[in-house]
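Here is how the chains run, residue by residue.
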Amino acid sequence: MLLQPPEGPLVLGIALVDFNHLVGPKIEFCHGDIFQDEEIVKILPFLALPDGAHMSLEDYSYFHLVPNVPIPTTIFGISCNRQIPASILLVKDVDVTRSIVQKAVVVLASKPVFGPIRDRLGVVTRALFEQRDFSDTSILVDFGASLEISLRTQLTESGLYIGGSREFVHTFRHRTLILLKALICQKKIMFFGHPVERLCTYQYSLISLIPGLLQTLEDSGSPPLAARAPTLTCPQSLRTSDRKSMMAYMGLPLDIFGKDTFFQPYLPLQQLDLLKDSQGWLCGSTNTVVTQQKEVELLINTETATLEFRNPRLERLMGLTAADRKWMDEIVRDVNDAWDDADPMKPAMHFKGSDDYLRAKFEEYVSAALASVRYREFLAKGKVNNVIITGTGDDNSIDDFNPLWIAEFTKTNAYDVWQRSTDPMLFDIVEPRHPCNEKPSVVGDIGIRLSEGLQELKLEQQLAPTREAISRTITASSTNFFKAVEGVRERWQQQRTTSSVSFNSDLASSVYETPVEVSKLEAGLSPSPASEGSKLTSNISRQTSRDSVLGTPMRPVSVAQAASDAKAALGTWGAGIQSFWSGRASRFSTSRSSIASVASTDSNSGTVQLPTSPISPRPSVGTVEEESEHDLDHRGYESQEPGGIAL
């Protein structure tokens, strides 16, 4: 739809704003009669170069100005700011004292046709910086002249839409309707965040959801501006085929930014007084000092997509009903189905989920809400006059829109203007019911609320830093663990090699050791003089194993082989001990039989004599005397030394 062109020029001026490190931002170059206004020259630099502009290589700022003229109206400005290293400039001013030069190109227009302006402004700004000579501003003069001609041919309703409503709904989801309700009630709403362009375009996206509001922003630049409201009257005719006639009959667009309200996409510190002199506003800021003002009722963070109700009562007034949630859930699903995360700026391929689709859906919602207000007033008037009214309208349609929100809307200046400029029988054209297709069930509404609550938690974003920290910790821990294991393995391997070498050396040294001799007493037995015919040899040693070792040349052996050799040596040593005890057992049996025969002989004579001679001295430890079997038996009888146990 074509917009009515202004009587004067569409492009009011072009300017170049420089950031001076000593005095702050200032206008370096300007072209246009609008810059004769001292108020505009004074405030423009702070709007063109917002706080935090240095954080981006390129950024855009949107703002509104009001000239000091007898019949003031809002001027719409847009700036593109960039920065360049001072070292690469071909011509350097004496004011350049820092390593970075930051400037902004500004366009002032009488209509908010930011869409067509933005694309050309970015190209011209980049071309100006590529010159590396800001003293040559001829490109800006040519840009202003060509822009005026092109905008005249593109003055359409689509040129007013910037940013796109799809991104706004995709970001804020169900909270989009809460923001819309707060805006209709003319609350004090502030957006905060970086970058500046997103901060501003989100506000324009919200405004675009109210039918026709972007086309009537002439009074939005300052609270005292209210030129549109007195011109509105109740229509006397209606052409349903004409969109303008239909909107006028419904009282659209609402006079949101009329008396004592204003709209400033970017609000600098120099305009803080506007917040205190207004009953309602919509503005944005990148400075936390502005957001800390006590006048703020609703703060929206564009970086986290969160809402902060500074006024606790406002959250209840703007709350969503079950029908609202179900209706918004369908819209959000349609938008997400057409959304491409890889290319967010890619337009929807179908009407469903597109920007036009969203504007149509919200126009339906606003129209139905206004029709429900009129229908409730009609029912109340009939009840006062005791008139029974029958019809197809829903008597409780207000409940689906939140009665508290409707009651709050009726207290605003926007409602007063709408009330006197709208036909009382509006509900005959627009059905007074909620646009939700069917009544939501209790269980379904609980499911929607839980799902939306989980979405608001933003677990993926909130847990991303924690997940990264855990991943880094696990990676570092696993690396250290494997290093420790490798160190332990190396030390164990070294100890194993050392033990093997030590064991081999022990085996080699044991070859040359003298045999270990064990005495009879150490073996646990006393010498038996009664034994005959056997010769004791208690030379128990590892001679066999040593002989086997001596017979084999020494060579490095493994631990397993060394263990096998030690086992064989111990087995041979055990076999020697077994043969020793076997010999002693046989001699013990022979001695016992001899003692028994002697006892038998003595018993016949009537007496039994036991040996009483003293025991022979104990041999020294470590030696065993070798005696013949005959000498052992003979000495046993002569010395009367017991050779066994007397039974």
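Worth saying up front: this structure is predicted, and the values here are computed from it rather than measured. (Residues numbered from 1 in each chain as written. Predicted model: local features only at pLDDT ≥ 70, side-chain atom pairs only at ≥ 80, totals over all residues. Heavy atoms only, no water.)

Observations concerning the overall build of the protein chain
Phase 1: Broken down by element type, the protein chain carries 20 helices and 10 strands.
Phase 2: Out of the 647 residues in the protein chain, the part that is buried amounts to 45%.
Phase 3: In the protein chain, of all internal contacts separated by at least 6 residues, the share reaching a separation of at least 24 is 75%.
Phase 4: Of the roughly 34200 Å² of accessible surface on the protein chain, 55% is carried by carbon and sulfur atoms. (Helix = DSSP H or I, 4+ residues; strand = E, 2+ residues; numbered from the N terminus. Buried < 20%, exposed > 50% of the residue type's maximum accessible area, 1.4 Å probe, protein only. Contact = heavy atoms within 4.5 Å. Areas by Shrake-Rupley, 256 points an atom, 1.4 Å probe, with all protein chains shown as cover.)

Focus: the nonpolar core
Phase 1: Counting 120 residues, the largest nonpolar core has Leu-108 and Phe-191 as its most contacted members.
Phase 2: Core analysis: the next-biggest nonpolar cluster, separate from the first, contains 11 residues, Phe-192, Phe-262, Leu-272 and Cys-283 among them. (Core = buried A, V, L, I, M, F, W, Y, C linked by side-chain atoms within 4.5 Å.)

Overview of the packing of aromatic side chains
Phase 1: Per the stated rule, a full pass over the model turns up 20 aromatic pairs.
Phase 2: Their ring planes at 80° and their centres at 5.0 Å tell us that Phe-129 and Phe-134 sit as a pair that is edge-to-face.
Phase 3: Judged by its relative accessible area of 5%, Phe-129 is buried.
Phase 4: Overall, Phe-134 belongs to the buried group, its relative accessible area being 6%.
Phase 5: Taking NZ or CZ as reference, Lys-103 lies 4.9 Å from the ring centre of Phe-134, over its face. (Phe/Tyr/Trp six-rings, centres within 6.5 Å; stacked < 30°, edge-to-face > 60°. Lys NZ or Arg CZ within 6 Å of the ring centre and 35° of its normal.)

Description of the pairing of strand 3 (residues 58–65)
Phase 1: Among the 8 residues of strand 3, 7 are classified as buried, and the element is accordingly described as predominantly covered.
Phase 2: Examined bridge by bridge, strand 3 and strand 4 (residues 75–85) share 8 bridges and lie antiparallel to one another. By the bridge assignment, Tyr-60 is partnered in strand 4 with Cys-80. (Pairing = 2+ DSSP bridges.)

Notes on the side chain of Asp-329
Phase 1: Checked against the element boundaries, Asp-329 lands in helix 11 (residues 322–337).
Phase 2: Within the structure, the side chain of Asp-329 is placed 2.6 Å from the side chain of Arg-333, a separation counted as a polar contact.
Phase 3: In this view, Asp-329 contacts His-174 and Ile-448; residues no more than four positions away in its chain are not counted. (Polar contact = N/O pair within 3.5 Å; in protein donor to acceptor, adjacent residues only side chain to side chain.)

Comments concerning the pattern of salt bridges
Where charged atoms from two side chains of opposite charge come close, those side chains can pair.
Phase 1: Within the structure shown, the criterion is met by 21 salt bridges.
Phase 2: With a shortest N-O distance of 3.5 Å, Asp-255 and Arg-228 are connected by a salt bridge. In this pair, Asp-255 is assigned in the loop between helix 7 (243–249) and strand 7 (261–264) and Arg-228 in the loop between helix 6 (196–208) and helix 7, connecting sequence segments 27 residues apart. Comparing Asp-255 with Arg-228, the two get one shared label, buried.
Phase 3: Here Glu-408 makes a salt bridge to Lys-411, at a shortest N to O gap of 3.9 Å. (Salt bridge = Lys/Arg side-chain N within 4 Å of Asp/Glu carboxyl O.)

Quick word on a nonpolar patch on the surface
Phase 1: Among the surface-exposed residues, Val-442, Ile-446 and Leu-450 lie close enough to one another that they form a single nonpolar patch of about 310 Å² accessible area.
Phase 2: Along the polypeptide, Leu-450 turns up in helix 16 (residues 442–457).
Phase 3: Residue class for Leu-450 comes out exposed when judged on its relative accessible area of 56%. (Patch = residues over 30% accessible without salt bridge, like charges linked within 9 Å, V, L, I, M, F, W, Y side chains within 5 Å.)

Topic: helix 11
Phase 1: If you check helix 11, its first and last C-alpha atoms are 23 Å apart, about what 16 residues at 1.5 Å a residue would give, namely 22 Å.
Phase 2: Within helix 11, the full set of buried residues consists of Ala-323, Asp-324, Arg-325, Lys-326, Trp-327, Met-328, Asp-329, Ile-331, Val-332, Asp-334 and Val-335. (Expected span 1.5 Å × (residues − 1).)

Considerations on the sheet that holds strand 8 (residues 280–285)
Phase 1: The strand order 7-8-6-9-10 describes an open sheet built from 5 strands, whose pairing is mixed. If you trace the sheet from one side to the other, it starts and ends with strand 7 and strand 10 (306–309), each paired once. Pairs of neighbouring strands in the sheet enclose a mean axial angle of 15°, with direction left out of account.
Phase 2: With 4 bridges connecting them, strand 9 (residues 298–301) and strand 10 associate as antiparallel partners. Bridge pairing in strand 10 places Ile-300 opposite Leu-307. (Axes fitted to C-alpha atoms, helices over the stretch in contact; angles between N-to-C directions.)

Section: helix 1 (residues 38–48)
Phase 1: Within the span of helix 1, buried status applies to Ile-40, Ile-43, Leu-44, Pro-45, Leu-47 and Ala-48.
Phase 2: If you follow the buried residues of helix 1, they end up packed against strand 1 (11–20), strand 2 (24–31), strand 3, strand 4, strand 5 (100–109) and strand 7.
Phase 3: You can read the cap of helix 1 off the contacts: a side-chain oxygen lies 3.0 Å from the backbone nitrogen of Glu-39, and it is on Asp-37.

Re unusual backbone geometry
Phase 1: Here the residue pair His-194 and Pro-195 is connected by a cis peptide bond, since its omega of -5° sits within 30 degrees of zero.
Phase 2: Following Leu-252, the chain continues to Pro-253 via a peptide bond in cis, the omega torsion being 0°.
Phase 3: Checked against the element boundaries, Pro-253 lands in the loop between helix 7 and strand 7.
Phase 4: You will see that Gln-186, though not glycine, has its phi angle at about 55°, which is positive.

Topic: the confidence of the model for the protein chain
Phase 1: Looking at the protein chain, the pLDDT average stands at 78 and 70% of residues meet or exceed 70.
Phase 2: Below pLDDT 50 for its whole length, residues 510–514 participates in 7 contacts with residues either more than four positions away or in separate chains.
Phase 3: Counted against residues more than four places away or in other chains, residues 590–647, with its pLDDT under 50, gives 68 contacts. (pLDDT = per-residue confidence, 0-100.)

Observations regarding the sheet that holds strand 3
Backbone-to-backbone hydrogen bonds pair the strands of a sheet. The strands run either parallel or antiparallel.
Phase 1: Taken in spatial order, the 5 strands make up an open sheet running 2-1-5-4-3, and their pairing is antiparallel. Strands with a single pairing partner mark the edges of an open sheet, and in this sheet they are strand 2 and strand 3. Going from strand to strand, the sheet's axes swing by 25° on average, the running direction of each strand aside.
Phase 2: Pairing between strand 4 and strand 5: 10 bridges, direction antiparallel. Of the residues in strand 5, the one forming a bridge with Gln-83 is Gln-102.
Phase 3: Along the sheet, helix 2 (residues 114–131) makes contact with strand 1, strand 3, strand 4 and strand 5, crossing strand 4 at roughly 25°.

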